[in-house]
Structures are given as structure tokens and as C-alpha cells.
Amino acid sequence: MSSKELKILIFNINDEYYATDIMEVERILGFEEPTKLPDSPSFVDGVINYEGNILPVISLSRRFGLKESERKSDSKIIVAKQNNNKIGIIVDIVSEVRDVNEDNVEEPPEIVSGISKRYIKGLIKIDKKIIIFLNLGNILTEEEKSLI
């Protein structure tokens, strides 16, 4: 039985490598400063106008309780889609899209560099790097989705 190939988008936040399934990515936008919303959760950076709709933009580093990196003008916003919800995720660098074999995705340990397991599908080892394979669809809880 052949194992499945996954197409992943690799990106970088705070010099750590992350990846997400390309099927969860709708588009990659250049960075624009989000409009801050009062009373939104701390990891919500604000909102931007995306195709005439309001798109909440979140900081993964704050979401995971990691230190914030400096915003660079070449930061990008990944538009992640899940059912009818879309969120923007700010990343420092979008590195590449590549195919990985499902066999190369390992079960994550309970805690990976402070990120709880519900955000992580696995760890991918490529080119001597360990890439944290995120489950972008789980970044927000249902409750948080309703808050935004």
C-alpha cells in the first residue's frame, strides 16, 4: 500500500519552522497593518478587509504564548480556511510548498516547545530541520471563533 503524499506550505515564525496542509490555505497576502479591535483576545492582532469581508488576523506566536518577533515589512498573512471560517495568520517568512510523505510525519510529543498538542498534527523531519506541522483549523476554539 503506498503511503500518501501531503502538500505542505512551510513558513517561519520567530526562526521556527512550521507547516500547514496546503488544502487549509486559501491565499497568501502581503502584510498590512490590521485594524485593532477593542476587547478582542490578546492574540488577535485585528482585522483586515479581505475581498470585501472582515478577516480576523491572529498572531500565532502570541497564540502559543511565545515571544513576539519584530514585524518585518516582508511579513505575510496566510489566509487559512476551515469550513466557512477564514482567519489570517501573520508569519515572518513563507518559505516553500513541498510534498512530504505521510511516513515522514511523526506523532508529536505531548508538548512541543510550549505549543499544546491540539494545534499540532505532527512533526516533519526534512533537511535536518524539524518542522512543526500545524493544524490550522484547530487554532481557534469554537468559543474563540464566536468571540471574533
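Residues numbered from 1 in each chain as written. Predicted model: local features only at pLDDT ≥ 70, side-chain atom pairs only at ≥ 80, totals over all residues. Heavy atoms only, no water.

A. The arrangement of the overall build of the protein chain in detail. Secondary structure summary: the protein chain contains 2 helices and 13 strands in total. For the protein chain, the C-alpha atoms occupy an extent of roughly 50 × 30 × 30 Å along the three principal directions. Relative to its 148 residues, the protein chain shows a buried fraction of 45%. Nonlocal contacts in the protein chain, meaning residues at least 24 apart in sequence, comprise 53% of its contacts between residues at least 6 apart. Accessible surface, the protein chain as shown: approximately 8200 Å² in total, 49% of it carbon and sulfur. (Helix = DSSP H or I, 4+ residues; strand = E, 2+ residues; numbered from the N terminus. Buried < 20%, exposed > 50% of the residue type's maximum accessible area, 1.4 Å probe, protein only. Contact = heavy atoms within 4.5 Å. Areas by Shrake-Rupley, 256 points an atom, 1.4 Å probe, with all protein chains shown as cover.)

B. The pattern of salt bridges, seen in detail. This structure, assessed with the given rule, holds 9 salt bridges. Among the ionic pairs, Arg27 bridges to Glu51, the shortest N-O distance being 3.1 Å. Note that Arg27 is positioned in strand 3 (residues 25-30) and Glu51 in the loop between strand 4 (44-50) and strand 5 (53-59), a separation of 24 residues in sequence. For Arg62, the salt bridge is made with Asp45, and the minimal N-O distance between the two is 2.4 Å. With Arg62 in helix 1 (residues 60-63) and Asp45 in strand 4, this residue pair connects regions lying 17 residues apart in the sequence. Overlapping salt bridges bring together Glu96, Arg98 and Asp127 as one network. (Salt bridge = Lys/Arg side-chain N within 4 Å of Asp/Glu carboxyl O.)

C. How the structure looks around the sheet that holds strand 3. Pairing in this open sheet of 5 strands is mixed, and the strands run 3-6-7-5-4 from one edge to the other. Whereas interior strands pair on both sides, the edge strands pair on one side only; in this sheet they are strand 3 and strand 4. Averaged over all adjacent pairs, the angle separating strand axes in this sheet is 30°, with direction ignored. (Pairing = 2+ DSSP bridges. Axes fitted to C-alpha atoms, helices over the stretch in contact; angles between N-to-C directions.)

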